[in-house]
Amino acid sequence: PAPPPTRAGPPHQIGAPARAPLLHALMDGRALTAKELSWLAGVAPQTGSGHLARLMQGGLLSVAVQGRHRYYRLAGSEVAAALEGLMVLAGPHAPQRRLPARVGEELSRARTCYDHFAGRLGVAIHDALLTGGHLAVAEGGYGLTASGERIFQALGIDPASGAKGRRAALRPCLDWSERRPHLAGHLAAALACRCFETGWVGRRKDCRAVRLTQEGRAALGAALPGFRCDEPAVAMPACRAAETADA
């Protein structure tokens, strides 16, 4: 087994030139695979995996396993703050490589992931609820705070619905395109169902992509302070792009 992280370990590992691009790529909060991080760092996959193992050993990274994939992200805000300080001291740096787009614009903007919302729409709902203090970390996922219950009630959803089933009410589900969590669980499914019933979100024919209507934008914005899901400047239809399940 790998030895536990030591106080001297993380500074040495942050300072290793070959690992700096790996850490920098994770500064936006996304979770990326070893293959993607190796490509961004410009190193062979085997080399990248070795660096990631050392960064994990130093307590700088955490890993989430979802399906067949392992997603790496910074271990926490303290790591991000330390990296930010070092980046300021280091001054301007060379432009980073960017991952090629793996999902079309319409799917990235808003889509269904089984029975709940994904893409920027799903992430925006998750972030507004979490940052607003409407979610509480609970066993197996999230629980609603008192304010969270009022928000779901305002949207026409009974927070107690489905509580007797085995499925979690709410839990984070790592979004395949945004690499940030969106909400899954039976209340997330109930929210999606409500949005379809009211016309706040419209389905697209023969495609997982969905469309947030102006009425839906107004309704979610009124009931959920902090909700923001802006339309991009240019919409590029891409429903025929390869659709890969969120993993």
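This one's a predicted model, so the numbers in the text were calculated from it and none came from an experiment.

Calculation rules
Residues numbered from 1 in each chain as written. Predicted model: local features only at pLDDT ≥ 70, side-chain atom pairs only at ≥ 80, totals over all residues. Heavy atoms only, no water. Pairing = 2+ DSSP bridges. Helix = DSSP H or I, 4+ residues; strand = E, 2+ residues; numbered from the N terminus. pLDDT = per-residue confidence, 0-100. Contact = heavy atoms within 4.5 Å. Salt bridge = Lys/Arg side-chain N within 4 Å of Asp/Glu carboxyl O. Buried < 20%, exposed > 50% of the residue type's maximum accessible area, 1.4 Å probe, protein only. Disulfide = S-S within 2.5 Å. Core = buried A, V, L, I, M, F, W, Y, C linked by side-chain atoms within 4.5 Å.

### Quick word on the pairing of strand S2 (residues 69-74)
Then comes step 1: Taken together, the 6 bridges between strand S1 (residues 61-66) and S2 define a ladder with antiparallel strand orientation. Within S2, the residue paired with Val63 across the bridge is Tyr72.
Then comes step 2: The antiparallel pairing of S1 with S2 creates a hairpin that spans 2 residues between the two strands, and Gly67 there sits at a positive phi of about 65°.

### Details of the confidence of the model for the protein
Then comes step 1: The predicted model of the protein has a mean per-residue pLDDT of 81, with 75% of residues at 70 or higher.
Then comes step 2: Mean pLDDT across the elements of the protein bottoms out in helix H1 (residues 9-15) (59) and peaks in helix H8 (residues 146-154) (97).
Then comes step 3: Note on residues 232-245: pLDDT under 50 across the span, and 28 contacts to partners over four residues away in sequence or across chains.

### Section: the pattern of salt bridges
Then comes step 1: The full count for this structure, using the stated rule, is 6 salt bridges.
Then comes step 2: For Glu106, the salt bridge goes to Arg204, with nearest N and O atoms at 3.8 Å. A residue pair is termed long-range when its members are at least 10 positions apart, and Glu106 in helix H6 (residues 105-109) and Arg204 in the loop between strand S9 (201-203) and strand S10 (210-212) qualify at 98 residues.
Then comes step 3: The exposure class assigned to Arg204 is partly exposed, which follows from its relative accessible area of 25%.
Then comes step 4: Linked by salt bridges that have partners in common, Glu105, Arg109 and Arg120 make up one network.

### With respect to helix H10 (residues 214-223)
Then comes step 1: Listing the buried residues of H10 in full gives Gly216, Arg217, Ala219, Leu220 and Ala223.
Then comes step 2: If you follow the buried residues of H10, they end up packed against helix H7 (119-131), H8 and S10.

### What about the state of the cysteines?
Two cysteines joined by a covalent bond between their sulfur atoms form a disulfide.
Then comes step 1: Applying the stated rule across the entire model yields 0 disulfides.
Then comes step 2: The thiol sulfur of Cys173 is not disulfide-bonded, and the nearest other cysteine sulfur, from Cys113, lies at 4.3 Å.
Then comes step 3: In this structure Cys173 comes out as buried when scored by relative accessible area, which is 7%.
Then comes step 4: Of the cysteine sulfurs around Cys193, a residue in no disulfide, the closest is that of Cys195, at 9.4 Å.
Then comes step 5: Taking relative accessible area as the criterion, Cys193 reaches 41% and is therefore assigned partly exposed.

### Description of the environment of Tyr114
Then comes step 1: With respect to the helices, strands and loops of the structure, Tyr114 is situated in the loop between strand S3 (111-113) and strand S4 (116-118).
Then comes step 2: The spatial distance from the C-alpha of Tyr114 to the C-alpha of Ala184 is 9.1 Å, given a sequence separation of 70 residues.

### Quick word on the nonpolar core
The nonpolar side chains of a soluble globular protein tend to be buried with one another.
Then comes step 1: Counting 32 residues, the largest nonpolar core has Phe117, Leu121, Ile125, Leu170 and Phe227 as its most contacted members.
Then comes step 2: Every element with two or more residues in this core is listed here: H7, strand S6 (141-144), H8, helix H9 (186-198), S10 and H10.
Then comes step 3: Among the elements that make up this core, the one with the highest residue count is H9 (6 residues).
Then comes step 4: Those residues in contact with Phe227 that lie beyond four places of it in its chain are Leu121, Ala124, Ile125, Ala128, Leu212, Arg217, Leu220 and Gly221.
Then comes step 5: The next biggest cluster of nonpolar side chains, apart from the first, holds 17 residues, and it includes Leu22, Leu40, Ala41 and Leu61.

### Describing helix H3 (residues 34-41)
Then comes step 1: With 6 of 8 residues buried, H3 lies mostly within the body of the structure.
Then comes step 2: Within H3 the residues assigned to the buried category are Ala34, Glu36, Leu37, Ser38, Leu40 and Ala41.
Then comes step 3: In this structure, the buried side of H3 is in contact with helix H2 (20-25), helix H4 (45-57) and S2.
Then comes step 4: Directly after H3, the chain includes Gly42, whose backbone phi takes a positive value near 75°.

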